[in-house]
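Below, each chain spelled out in residue letters.
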Amino acid sequence: MAAVAGQEPRPETLGAILRREGGGAGLSRAFKPLAQSPLSCETSLRKLKLKGKSKGLKAMRAARTAPFHLDLWFYFTLQNWVLDFGRPIAMLDSPLEWFPLNKPSVGDYFHMAYNVITPFLLLKLIERSPRTLPRSVTYVSIIIFIMGASIHLVGDSVNHRLLFSGYQHHLSVRENPIIKNLKPETLIDSFELLYYYDEYLGHCMWYIPFFLILFTYFSGCFTASKAERWMPGPALLLVAPSGLYYWYLVTEGQIFILFIFTFFAMLALVLHQKRKRLFLDSNGLFLFSSFTLTLLLVALWVAWLWNDPVLRKKYPGVIYVPEPWAFYTLHVSSRH
């Protein structure tokens, strides 16, 4: 078309030139997105630049690792030792005049505090993790964790209070002297139900979400930076108390299968990421070192009590991991 008088002629597009010259029908269709306007090429170049910048930012974020979370790991270790390991000890040492047997013990209040503080720390750990679960999965995991810990609170409270009546943890429920002569015998079934809620259902609902969150956090603790492959001094000091606590958790909670599955999943992930030249950062090294120490302590514990006939009777089968409280009632409290 002729240009309108008084206006500059509009430049021909690439598609128009190809159609006018002939033989460019295929090329015209191929270059149609670029031939719509003279500015199309410039716009496409801008988009490519933006995509390149976006990929560069993602690579920088992946390479940049978080510092060691000293505050979280310290609070985790402290509250685990005080509120979880320390609660049965506090229950036994507190005077019955202050905490009678028909009321919650001081250990129960420790457990209540644990049920509030630990989910909060897990959520803070998830916030700092470069890799997280979907939000709905995180919420469901925390809810199940609190439900399991609360179920355990009730069952564990009754079982520990039974110690004052002569209950022996190294014996099964039906073999306990204070239980086997109960009348009617259906009462024994009720105590076995209580034991099931405490030792099986409560532990499963408590520890499966716990280890799932820890493993998800661990999966994001990899870096390509050589400077981040070492643990700082405070982390090294926390490895021993952390690993020792997880030994107590695995043995007393009777969750060796869950623990060993999590440990080997972590080991497989480390080997897989090593092929990509990615290595654990300080937080991942701390968690993996704690679990390695835990595995070593569990092996020593089992080897030490391997030939104990009483504990062998309570824990039959291939997997033999005695509980510390069963050892206490059998070999320590019986001497006093």
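Residues numbered from 1 in each chain as written. Predicted model: local features only at pLDDT ≥ 70, side-chain atom pairs only at ≥ 80, totals over all residues. Heavy atoms only, no water.

1. Concerning the UniProt feature "transmembrane region" (unreviewed entry) in the protein chain
Taking the UniProt record as the reference, the feature "transmembrane region" (unreviewed entry) is found at residues 138–155, 200–218, 230–248, 254–272 and 284–306. Within the segment residues 138–155, helix and strand shares are 100% and 0% respectively, and the terminal C-alpha atoms sit 26 Å apart. (UniProt positions renumbered as here; feature names shortened; annotations may be inferred. Helix = DSSP H or I, 4+ residues; strand = E, 2+ residues; numbered from the N terminus.)

2. Remarks on the pattern of salt bridges
Counting across every chain of the model gives nine salt bridges. The shortest N-O distance in the salt bridge between Arg 128 and Asp 71 comes to 2.8 Å. One end of the pair, Arg 128, is in the loop between helix 6 (106–127) and helix 7 (135–161); the other, Asp 71, is in helix 5 (residues 70–93), with 57 residues separating them in the sequence. Arg 128 gets classed as partly exposed once you look at its relative accessible area, which sits at 32%. Asp 84 is paired through a salt bridge with Arg 87; the nearest N and O atoms lie 3.2 Å apart. Here Asp 84 pairs with Arg 87, and both are found in helix 5, just three residues apart, close to one helical turn. (Salt bridge = Lys/Arg side-chain N within 4 Å of Asp/Glu carboxyl O. Buried < 20%, exposed > 50% of the residue type's maximum accessible area, 1.4 Å probe, protein only.)

3. Describing the packing of aromatic side chains
Per the stated rule, a full pass over the model turns up 31 aromatic pairs. Note on Trp 325 and Tyr 328: the rings are 5.0 Å apart at their centroids and 75° apart in plane angle, and the pair reads as edge-to-face. Of the two residues, Trp 325 and Tyr 328 both sit in helix 14 (residues 324–332), three residues apart, roughly one turn of that helix. Classification of Trp 325 by relative accessible area gives buried; the value is 8%. Of note, Arg 312 hangs over the ring of Tyr 320, and the distance from its end group to the ring centre comes to 4.1 Å. (Phe/Tyr/Trp six-rings, centres within 6.5 Å; stacked < 30°, edge-to-face > 60°. Lys NZ or Arg CZ within 6 Å of the ring centre and 35° of its normal.)

4. Examining the environment of Gly 253
As for its position among the elements, Gly 253 is in helix 10 (residues 233–253). Assessed through its relative accessible area of 3%, Gly 253 is described here as buried. Note: C-alpha distance between Gly 253 and Glu 199 (54 residues apart in sequence) is 7.2 Å. Apart from the residues within four sequence positions on either side, Gly 253 is in contact with His 203, Tyr 207 and Tyr 248. (Contact = heavy atoms within 4.5 Å.)

5. Thoughts on the nonpolar core
Ranked by internal contacts, the top residues of the largest apolar core, which has 57 residues, are Trp 73, Phe 210, Phe 211, Phe 218, Leu 249, Phe 286 and Phe 291. Counting only elements with at least two residues in this core, the list comes to helix 5, helix 6, helix 7, helix 9 (186–219), helix 10, helix 11 (256–275), helix 12 (282–304) and helix 14. By residue number, the principal contributor to this core is helix 10, which donates nine residues. The residues contacting Phe 210, other than those within four sequence positions of it, are Phe 76, Thr 118, Leu 122, Phe 145, Tyr 246 and Leu 249. (Core = buried A, V, L, I, M, F, W, Y, C linked by side-chain atoms within 4.5 Å.)

6. Examining helix 9
For an α-helix, the turn length of 3.6 residues means that residues three or four places apart are oriented alike. A rise of 1.5 Å per residue sets the reference length of helix 9, with its 34 residues, at 50 Å; its end C-alpha atoms lie 48 Å apart and thus fit the reference within 8%. Within helix 9, the axis deviates most sharply at His 203, by approximately 40°. (Expected span 1.5 Å × (residues − 1). Bend = angle between axes of the 7 residues up to and from the residue.)

7. A few points about the packing of helix 9 against helix 11
Geometry of a packed helix pair, given as the angle between the helix axes and the separation of the axes. Running from N to C, helix 9 and helix 11 cross one another at 10°; their axes reach a closest spacing of 11 Å. Taken as axis vectors, helix 9 and helix 11 run roughly parallel relative to one another. The residues of helix 11 that touch helix 9, namely those facing Tyr 207, Ile 208, Phe 211, Phe 215, Phe 218 and Ser 219, are Leu 258, Phe 259, Thr 262, Ala 265, Met 266, Leu 269 and Val 270. (Axes fitted to C-alpha atoms, helices over the stretch in contact; angles between N-to-C directions. Parallel < 35°, antiparallel > 145°, perpendicular 65-115°, else oblique.)

8. Thoughts on unusual backbone geometry
A cis amide bond, omega -5°, links Lys 183 with the succeeding residue Pro 184. One can find Pro 184 in the loop between helix 8 (177–180) and helix 9. For Gln 254, which is not glycine, the phi torsion reads 55° and is therefore positive. Within the secondary structure, Gln 254 is located in the loop between helix 10 and helix 11. With a phi angle near 65°, Arg 277 is a residue other than glycine that sits in the positive phi range. Among the structural elements, Arg 277 can be located in the loop between helix 11 and strand 2 (279–280).

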